[in-house]
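Observations on the model geometry
So the chains spell out like this:
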Amino acid sequence: KALKDWQAFNTLKKRIEDFSETCPLLEMMSNKAMLDRHWKRLEEITKHTIDVESENFLLRNIMEVPLLKYREDIEDVCVSAVKEKDIDAKLKQVKADWAVQNLKFSGFKTRGELLLRGEETSEIVSLMEDSLMILGSLMSNRYNAPFKKEIQLWVQKLTNSTEIIENWLIVQNLWVYLEAVFVGGDIAKQLPKEAKRFQNIDKSWIKIMTKAHETPNVVQCCVGDETLGQLLPHLLEQLELCQKSLSGYLEKKRLVFPRFFFVSDPALLEILGQASNSHTIQAHLLSVFDNVKTVTFHEKEYDRITHIHSREPETVELEKPVMAQGNVEIWLGKLLKASLQSVHAVIRNAIVSIKDPNFELMNFLNDFPAQVGLLGIQIIWTSAATLALKNARTDKKIMADTDSQFQIMLDSLIEVTTKELSKIERTKFETLITIHLHQRDIFHALFLMHIKSATD
C-alpha cells in the first residue's frame, strides 16, 4: 500500500492509464480508410507533424502527439475517413456500372440498325433511376465534402442522360410511325411539303444513330457532347409539325368519307398509303362497311368491283359495277352507294317473288340472303295479318285460315332444322323461327280474342 504514495508509482500508473485510453484511438487511426488528407487534418488539430509515410515513422512518434488532449477531434477525423471510404466505394461502383453500359440496337426494315431496342433501353432508364437514388443518398450524406463536386457531376450526367433517352424513344416512335407514311407510298405525293421536311428529319435520325453506333456507351453517347441534347428536341418539334399536317390530311379524308371516323389513324394511313393498288382495301372493308368482308374484282379490268361478300359468306352482285380508281375516299363512297342500291334491288326482287302466285317459302329463303329472308317473312306476316283484319267482318274464316297459315310456316321452318345443316344455315333458320314464332303468337292471340278489325 505504501507504493501508492510513491511519485514514481503514480507517474507510471498515469502513463499506463493514458496508454489504455490511447489504444482505441491508435486502432481507429490505423484504419486503411485514413488517407493523406486525414493525416494533414490531424496535424492541423494537434499542431504536430505526423509523417506516416516516412520509413523512420514509429509508434513512439505518434505517442509523442498529445492524442488524448484532442481525442474528440481525432475520433471525428477517423470516423469521417471510414464514412468517406464508404462514399468513395459507392461512387466508384456507380462509375464502374456506367463505364460498361452500352446502347443496344435493332434493325429497321432493310435500312440497318436504326432503332434503340425497347426492352433493353427501358432497363437502362431503370438502372439510371437506381443510380440516381444512390447518388441522392450520397448528396445528403454530411461526410461527402471530398466527393461533392464529382457526385454533383454524375447526378447531372445521369439526369441529362435519362431525359435524352426518354426524348430519344419518343422521337423514335414518331419517326417509325411517320417513316411508313412519308418514305414511298401514296401519301407522300399528296403532302410534298411534309415529305420534304421528313427527308431532312430522316437524315438527322440516321446521323444520330450513326453517332450512337460509334459511341455506344450510354453516358458518353448522351452527354459526351451536346449533339443529342440539341438535336432531339429539334427533331421532335419537326416530327410534331409533320404529324399535325398529317392529322389535318386525315381529317379531310374523313369528312369526304365519314366512315373513316371508325378507323384508327394507323389503319387509315395504311389504306391511304396503298390506295394506288385498289385490291389492298380487302383487309380493311369490315372496318368501314357493316359485314362487307370482301369484294370481287373483274378478271380482266383490275379496278372494276362487281360483287360484295359478307362474312357468312353471302354474295350480292352490284347493279352498277364500281371503278376503284382515283382517291380511295371517293370510290369507297361510290361503293357504299352502289352497295345500298344493290341491296335495295335485292329487296325489290324479294317482294316481287313474294307476290308470285307460285311462291314457295323454302325456295325463297334459299334464293335470297338471310337478312332479306328475315325481312320477307315479316312482310308476309304483315300483309296477311293486315288483310285478315281488314276482311274479318265479312269473311268469318279468314282469321282462322291466316292463323293456320302462320302455323304451317312455323312448322316448315322447324322441319328444316331437323336435317343436316351447316353452322351458318342452322343459325339462319333458328333466327327465322324465333322471329316468326313471335309473329305467330301475336296473331294467334288476336284470333283467340276474336278481334275483327285493326281498331278493336
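Conventions we followed
Residues numbered from 1 in each chain as written. Predicted model: local features only at pLDDT ≥ 70, side-chain atom pairs only at ≥ 80, totals over all residues. Heavy atoms only, no water. Helix = DSSP H or I, 4+ residues; strand = E, 2+ residues; numbered from the N terminus. Expected span 1.5 Å × (residues − 1). Buried < 20%, exposed > 50% of the residue type's maximum accessible area, 1.4 Å probe, protein only. Arc of directions from axis to C-beta. Contact = heavy atoms within 4.5 Å. Salt bridge = Lys/Arg side-chain N within 4 Å of Asp/Glu carboxyl O. Core = buried A, V, L, I, M, F, W, Y, C linked by side-chain atoms within 4.5 Å. Pairing = 2+ DSSP bridges. Axes fitted to C-alpha atoms, helices over the stretch in contact; angles between N-to-C directions.

Considering helix α5 (residues 118-139)
Taking 1.5 Å of rise per residue, the 22 residues of α5 would be expected to cover 32 Å, and the 31 Å separating its terminal C-alpha atoms lies within 8% of that figure. When we look at burial in α5, the residues that qualify are T121, I124, V125, M128, S131, L135 and L138. The buried residues of α5 all sit within an arc of 125 degrees when viewed along its axis, so they share a single face. Of the residues in α5, the exposed ones pointing more than 90 degrees away from the buried face are E119 and M133. Where α5 is buried, its residues meet α4 (71-99), β2 (115-116), α6 (148-182) and α9 (218-223).

Thoughts on the pattern of salt bridges
For the structure shown, the criterion picks out 13 salt bridges. With a shortest N-O distance of 2.7 Å, R440 and D441 are connected by a salt bridge. One network of salt bridges, with partners in common, ties together K109, R111, E179 and D202.

Focus: the nonpolar core
Among the nonpolar cores identified, the biggest contains 109 residues, and W168 and L335 are the most heavily contacted of them. If you look at the next biggest cluster of nonpolar residues, it comprises eight residues, including M34, V77, C78 and A81.

Considering the sheet that holds strand β5 (residues 315-323)
Strands sit in the order β3-β4-β5 across an open sheet of three strands; the sheet is antiparallel. The sheet terminates laterally at β3 (294-297) and β5, the two strands that pair on one side only. Each strand of the sheet is rotated relative to its neighbour by a mean of 30 degrees, with strand direction disregarded. Looking at chain direction, β3 and strand β4 (residues 304-309) are connected through four bridges and run antiparallel. Across the sheet, residue V295 finds its bridge partner in β4, namely I308. Sheet strands in contact with helix α13 (residues 328-355) are β3, β4 and β5, and its direction is about 140 degrees off that of β5.

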